[in-house]
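As a plain string of letters, each chain reads:
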Amino acid sequence: MLKYLLVVGVIVFVYFIFIKKKPEVRKKETQTKEEIPSSEMVECAECGIYCELEDTILSKNRYYCSKECVKRS
Ligand SMILES: [Zn+2]
């Protein structure tokens, strides 16, 4: 009877560890997914200013902050 209780206790212990760990992993995944689009900064190939990836101009596999920098290069 004591052995049976020990086995049940271990199963409950492992079960609680799995339940506690899963939400933490999910939180970390959602946090990184939210951070990536806003923190993606790219250096301008001409003047060296860091701009958000959405605002940059891609020319010849290089990122530029403005059309003026594309003309200068
Ligand atoms: Zn620039």
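None of the values given here were measured: they were computed from a predicted structure. (Residues numbered from 1 in each chain as written. Predicted model: local features only at pLDDT ≥ 70, side-chain atom pairs only at ≥ 80, totals over all residues.)

Caption draft 1: View of the overall build of the chain. Looking only at helices and strands, one finds 2 helices and 4 strands in the chain. Order of helices (α) and strands (β) in the chain, N terminus to C terminus: α-β-β-β-β-α. Going through the 73 residues of the chain one by one, you find that 7% of them count as buried. Across the chain, the fraction of contacts at a sequence separation of at least 24, relative to all contacts at a separation of at least 6, is 11%. (Helix = DSSP H or I, 4+ residues; strand = E, 2+ residues; numbered from the N terminus. Buried ≥ 20, exposed ≤ 12 C-beta atoms within 10 Å, placed from the backbone. Contact = placed C-beta atoms within 7 Å.)

Caption draft 2: Broad picture of unusual backbone geometry. In this structure, K60 is a non-glycine residue whose phi angle is positive, near 50 degrees. Exposure remark for K60: the 8 C-beta atoms within 10 Å place this residue in the exposed category.

Caption draft 3: How the structure looks around the environment of K67. Among the structural elements, K67 can be located in helix α2 (residues 67-72). With 10 C-beta atoms counted inside 10 Å, the residue K67 sits in the exposed group. For the pair K67 and I57, spaced 10 residues apart in sequence, the C-alpha to C-alpha distance is 7.3 Å.

Caption draft 4: Local environment of the environment of S66. Locating S66 in the fold gives a position in the loop between β4 (62-64) and α2. In this structure the C-alpha to C-alpha distance between S66 and C47, which are 19 residues apart in sequence, comes to 9.8 Å.

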